[in-house]
Amino acid sequence: MRNLGPFILPVLLGSLLLGCNSQIPTLREWADQCVGRPVAEQERLDVEPESYASRIGWKTTTYALPNGHWVYVSPDRKDCEVHFEVDKAGIIVGYQLVGKGCRYQ
């Protein structure tokens, strides 16, 4: 019988890496989880020193919508922002991914 040792290790490592990768949510999955939560939580995350927003020196960006809601813009990566729609109570009610860097999310 042939020695299968050299073949088993790469298969095991590949399986382990695939298992870990599946645990990381996509940007869309993450943003979906933000809906229904207070926008203040996202605002706090964006000012954390390790956040992408802090690292690029992002200035808080918001704008009003005709329906009385407003949008909080959170940068996720280069050329990709999440535009969170926020109701009058400060709850995220929806979002849009904006920018060519979001294309594959």
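Coordinates for the structure precede this section.
Quick look at the structure, then. Counting restarts for each chain: residues are numbered from 1 in the order of the written sequence. Per-residue local features are limited, in this predicted model, to residues with pLDDT of at least 70; the limit for side-chain atom pairs, both in listing and counting, is 80 or more; totals at the level of whole chains, interfaces and linings are taken over all residues. Side-chain metrics rest on all non-hydrogen atoms present in the structure, leaving aside hydrogens and water.

### Re the packing of aromatic side chains
Thought 1: Only the six-membered ring of Trp is used, alongside the rings of Phe and Tyr, when aromatic pairs are assigned; centres must lie within 6.5 Å, and planes under 30 degrees apart are stacked while those over 60 apart are edge-to-face, with the rest tilted. This model, assessed by the stated rule, comprises 1 aromatic pair.
Thought 2: Geometrically, the ring pair formed by W30 and F84 is edge-to-face, given 6.0 Å between the ring centres and 70 degrees between the ring planes. Here F84 lies in strand β3 (residues 80-86) and W30 lies in helix α2 (residues 27-34), a separation of 54 residues in the sequence.
Thought 3: Working definition: with a 1.4 Å probe on protein chains only, accessible area under 20% of the residue-type maximum means buried, over 50% means exposed, and in between means partly exposed. The exposure class of W30 is partly exposed, given its relative accessible area of 26%.
Thought 4: Relative accessible area serves as the criterion here: at 0%, F84 is assigned to the buried category. Think of it this way: any DSSP run of H or I at least four residues long counts as a helix, any run of E at least two long counts as a strand, and we number them from the N terminus.

### Here we look at the pairing of strand β2 (residues 70-77)
Thought 1: Pairing between strands requires that DSSP locate at least two bridges from one strand to the other. The pairing of strand β1 (residues 61-64) with β2 spans 4 bridges and is classified as antiparallel. Residue pairing across strands places Y63 opposite V71, the latter belonging to β2.
Thought 2: Pairing of β2 with β3, which is carried by 7 bridges, proceeds in the antiparallel orientation. Looking at the pairing, W70 lines up with V86 of β3.
Thought 3: Between β2 and β3, which pair antiparallel in sequence order, lie 2 residues; one of them, D79, sits at a positive phi of approximately 60 degrees.

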